[in-house]
Amino acid sequence: MAACSVEELLAKAEREEAEKLKSITVHKELDVEFDIGNLLACDKNRIESRDFRGQKKEDFLRSLARDNTQLLVNEIWKQPTERVEEAIVVKLPDSLTPLPREKPPPKPRPPTKWEEFAKLKGIQKKKKTNLVWDETAKEWRRRWGYKRAKDDTKEWLIEVPETADPNEDQFAKRVKAKKERVAKNEFNRLKNIARAQKIKVPGVGLTPTAQQSKDDLSKAVSVAKTSTASVGRFQDRLPKEKPPKNTGKKRKFEPLIGNFSNEKQKQLDMLKLMDSKKPKLDITKAVNKQMREEDREEAAAKYKKGAGKKGRKGNMPGKGKGKGGKGKGGKSGGGKFGGGKPVGGKFGGGKKRGKAGKH
Amino acid sequence: MRPLTDEETKTMFEKLSKYIGENIKLLVDRPDGTYCFRLQNDRVYYMSEKILKLATNISRDKLVSVGTCFGKFTKTGKFRLHITALDFLAPYAKFKVWVKPGAEQSFLYGNHVLKSGLGRITENTMQYQGVVVYSMADVPLGFGVAAKTTQECRRVDPMSIVVFHQADVGEFIRNEDTLT
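The structure presented is a predicted model; accordingly, all values stated were derived computationally and were not measured. (Residues numbered from 1 in each chain as written. Chains lettered and ligands numbered in written order. Predicted model: local features only at pLDDT ≥ 70, side-chain atom pairs only at ≥ 80, totals over all residues. Heavy atoms only, no water.)

Chemist: Can you help me understand the nonpolar core in this one?
Modeler: Looking at soluble globular proteins, one finds that nonpolar side chains tend to be buried together. Residues and elements named next belong to chain B. Met-12, Phe-13, Phe-37, Val-44 and Phe-70 are the most contacted members of the largest nonpolar core, which has 35 residues in total. With five residues, the single largest contributor to this core is helix 1 (residues 6-20). Looking at which domains feed residues into this core, each of domain 1 (2-88) and domain 2 (95-175) supplies at least three. In this view, Phe-70 contacts Leu-16, Leu-27, Phe-37, Val-44, Tyr-46, Phe-79, Arg-80, Leu-81, His-82, Ala-85 and Phe-88; residues no more than four positions away in its chain are not counted. Counting 15 residues, the second largest nonpolar core, distinct from the first, contains Val-99, Ile-121, Cys-153 and Val-163. (Core = buried A, V, L, I, M, F, W, Y, C linked by side-chain atoms within 4.5 Å. Buried < 20%, exposed > 50% of the residue type's maximum accessible area, 1.4 Å probe, protein only. Helix = DSSP H or I, 4+ residues; strand = E, 2+ residues; numbered from the N terminus. Domains from an automatic or database assignment. Contact = heavy atoms within 4.5 Å.)

Have a look at this one:
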């Protein structure tokens, strides 16, 4: 009984040991892939669908999860360990799987006005050396800043230009110019920031400029006019003053494919209005008519005269009496146009054609 | 592409009425379907409703031409007729000028019509009246502006200008790349 129990105990111990060993070694057909940096294990083994049937499903999933976790833990302890305050820790390596970042990447700074202009013109930055040789100090100095080379603020004498006012302080002028440049630069910097953040850029309306153009002046007039309590409603207009341009009114157009009959009606109405505005009595036409009648009478009189004298030949001297430049007219087309009867015939025909062509 | 504004329509009609008078009505109100004027790229196109609907499939920057180009608006807002409009102006023209065969070529090269080249002219033409120029065989050649009234035409010397050139069919070759 005792021997039996010893054997039994041994067998049990052996089994337990095997069980223990099994608990940390997991057999897989395909090796599980690890990304220790992210504590990630990727099991690419096939899953049998019959394992999912019935009660076995839960057990199967649990054992699979345990096995894979075991493999992951095994992998972790393969890394070099160290001891930190009674605890053994593993330093995880860099992750292999790239993960998307939580926040969108920051947007690049929008280009400044100068950068836009430089890009348009293809101007590229040129790298300049930091130090330049200063001829007066006989040493290398920084290009700008404190103790810079060729420092024009340290000059003790400035030549007065010939065109300048002799009483003007050239030193003060230089200082003032520098201050202006700094101020302008600062203003531009702020404008760039404002533009980048889509704030209304200061200087849209009327900012002081070096030289005011005609446009600026008209803009100033319109701004001044609308700067009353009634927004310029009761302001009289100057004679010959043009209405202000670009006053922020948006153009509105009809839809491309809208109401066609409405559009047609509108155009017909417009035509009717245009027609009604024409003067009923056309002076030019009336004068022309009068002139034509006179011409005809004259021609008839001439013809009568000529016929009384010598018939057809008599026409020629009669024409000579009439107007100058007949010599030329006699040579070319004038014979057709300038003369009496044939001309009328020609023109009359023209008129008939014209009328016929009109439909 | 968009419809013309009232102002643009008025400018265009005023220009057209110089050539075809009240016959514009026949262009606007046609019995054979709905026709309309549309503005694209500063040019005015005359097209049927059907063509317009088809043209909406093409994006604005890709659209070169649609229907018939009548002319364009200049930067100063004036309307300028193009020769492509001749097909629609010629049948309705109120005042016509016929050019002699010898002067035909000169006109088609873009010159003014001299009196020596004048074959016939509609009676009662006023000065600065828009006219359609025809060859003696009644083929429309282009359009211009009468420099002289019909009455004055009888008296002037043969080398003086009678019709100012505005557009002629020679432009189809000369301005081939800009004419749409």
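Chemist: Mind showing me how you'd approach the interface of chain B and chain A here?
Modeler: The accessible area lost on association of the parts is a frequent measure of interface size. Contacts between the two partners involve 43 residues from chain B, matched on the other side by 39 residues from chain A. Where chain B abuts chain A, roughly 4100 Å² becomes buried across the two surfaces, and 64% of that area is made up of carbon and sulfur atoms. The three residues of chain B that bury the most area against chain A are Glu-123, Gln-151 and Arg-154 of chain B, which together make up 15% of that side's buried surface. Viewed at the interface, chain A and chain B are joined by five salt bridges. On inspection of chain B and its partner chain A, the count reaches six residue pairs in polar contact (both at pLDDT 80 or more). Those elements giving two or more residues to the side of chain B that touches chain A turn out to be strand 1 (2-3), helix 1, helix 2 (24-28), strand 2 (35-40), helix 3 (49-55), strand 6 (96-99), strand 8 (118-121) and helix 6 (150-155) of chain B. When its residues are assigned to classes, the side of chain B that touches chain A shows 15 nonpolar, 10 polar and 18 charged. (Buried area = accessible area lost by both parts, 1.4 Å probe. Salt bridge = Lys/Arg side-chain N within 4 Å of Asp/Glu carboxyl O. Polar contact = N/O pair within 3.5 Å; in protein donor to acceptor, adjacent residues only side chain to side chain. Nonpolar A, V, L, I, M, F, W, Y, C, P; charged D, E, K, R; others polar.)

Chemist: How should I be thinking about unusual backbone geometry in this particular structure?
Modeler: Excluding glycine, most residues fall at negative phi; most peptide bonds, likewise, are trans. Of note, Lys-147 of chain A is a non-glycine position whose phi angle comes to about 55°, a positive value. Of note, Lys-147 of chain A is situated in the loop between strand 6 (139-142) and helix 4 (170-196). Phi at Asp-42 of chain B is positive, roughly 70°, even though this residue is not glycine. Within the secondary structure layout, Asp-42 of chain B lies in the loop between strand 2 and strand 3 (43-48). Since its relative accessible area comes to 37%, Asp-42 of chain B is described here as partly exposed.

Chemist: Where do I start with the sheet that holds strand 5 (residues 79-81) of chain B in this structure?
Modeler: Strand pairs in the sheet, formed through backbone hydrogen bonds, run parallel or antiparallel to each other. All names here are of chain B. Strand order in the open sheet formed by five strands is 1-2-3-4-5, and the pairing between neighbours is antiparallel. Only two strands of the sheet have a single partner each, and these edge strands are strand 1 and strand 5. Strand direction decides the pairing type here: strand 4 (residues 68-73) and strand 5, joined by three bridges, are antiparallel. By the bridge assignment, Phe-73 is partnered in strand 5 with Phe-79. Lying over the sheet, helix 1 contacts strand 1, strand 2, strand 3, strand 4 and strand 5, oriented at roughly 40° with respect to strand 5. (Pairing = 2+ DSSP bridges. Axes fitted to C-alpha atoms, helices over the stretch in contact; angles between N-to-C directions.)

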